[in-house]
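Coordinate inspection notes
Each chain, letter by letter, is given below.
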Amino acid sequence: DAGVIQSPRHEVTEMGQEVTLRCKPISGHNSLFWYRQTMMRGLELLIYFNNNVPIDDSGMPEDRFSAKMPNASFSTLKIQPSEPRDSAVYFCASREGRRTNEKLFFGSGTQLSVL
Amino acid sequence: GQQLNQSPQSMFIQEGEDVSMNCTSSSIFNTWLWYKQDPGEGPVLLIALYKAGELTSNGRLTAQFGTTRKDSFLNISASIPSDVGIYFCAGHEAGYSTLTFGKGTMLLVSP
């Protein structure tokens, strides 16, 4: 299996622009997670889906952030408008089942820089 | 709330040395996971622990689920330069629907 696939690997944009991050989970996995990683805060969970349905979005910083999962093999995280403080590495992860203690598999991340 | 304290924050060692790091929580966890993140990559699962007292190895890595269920330990024996990276612990506390991650231990290995 190719693992969790994220695109783009790097994104540089200007403040105010819309940013869309993409994720393809491992085939057959039923849960998908979006994390943000910064030096100050470490790994923060933004939102997660079970069977394409958003379960908990309490980690989404504000209304500028939105996430969708239109089908089992694709998810997007959108930031509109972007701000410099959104600069971070964004990870997508997937899990085969719905039990919390199951293994989580991460993608390689998207390094976002907002100028 | 869920909090994991991971220590040390960073380590700089010589190749061949053994390494120990740990993770502690203020509440009981029923699962511990250890991940390694290489520079520019996502975290990769190393070891999963599901029972108090469990000791599991993966090559030169050994992890233990503490008997109090509030801590876990990761040991690396005979370190090599490719062990460089950030090691994260993650745990699952009953009643919570997501994992809690520690802040990570950055390991640097000098050849």
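Provided above is the structure to which this section pertains.
This write-up is about the structure you can find in this document. The model shown is predicted, which means the values in this text are computed figures rather than measured ones.

On to the interface of chain A and chain B, then. Listed per partner, the contact involves 20 residues of chain A and 19 residues of chain B. Contact between chain A and chain B buries roughly 1600 Å² in total, counting both sides, with carbon and sulfur atoms accounting for 59%. Inspection of the region where chain A meets chain B yields one salt bridge. We note a salt bridge from R9(A) to E41(B), for which the minimum N-O separation is 3.9 Å. Counting across the chain A and chain B interface gives five residue pairs in polar contact (both at pLDDT 80 or more). Of all the secondary-structure elements, those providing two or more residues to the side of chain A that touches chain B are β4 (31-38), β5 (42-50) and β9 (88-95) of chain A.

Next up on the list: the pattern of salt bridges. Residue and element names in this part refer to chain A. Tallied over the entire structure, the rule returns eleven salt bridges over all chains. The salt bridge partner of E18 is K78, with a shortest N-O separation of 3.9 Å. Note that E18 is positioned in the loop between β2 (10-13) and β3 (19-24) and K78 in strand β8 (residues 74-79), a separation of 60 residues in sequence. Under the relative-accessibility criterion, K78 is labelled partly exposed at 29%. One continuous salt-bridge network, built from bridges that share partners, spans E62, R64, E83, R85 and D86.

Rules used throughout
Residues numbered from 1 in each chain as written. Chains lettered and ligands numbered in written order. Predicted model: local features only at pLDDT ≥ 70, side-chain atom pairs only at ≥ 80, totals over all residues. Heavy atoms only, no water. Contact = heavy atoms within 4.5 Å. Buried area = accessible area lost by both parts, 1.4 Å probe. Salt bridge = Lys/Arg side-chain N within 4 Å of Asp/Glu carboxyl O. Polar contact = N/O pair within 3.5 Å; in protein donor to acceptor, adjacent residues only side chain to side chain. Helix = DSSP H or I, 4+ residues; strand = E, 2+ residues; numbered from the N terminus. Buried < 20%, exposed > 50% of the residue type's maximum accessible area, 1.4 Å probe, protein only.

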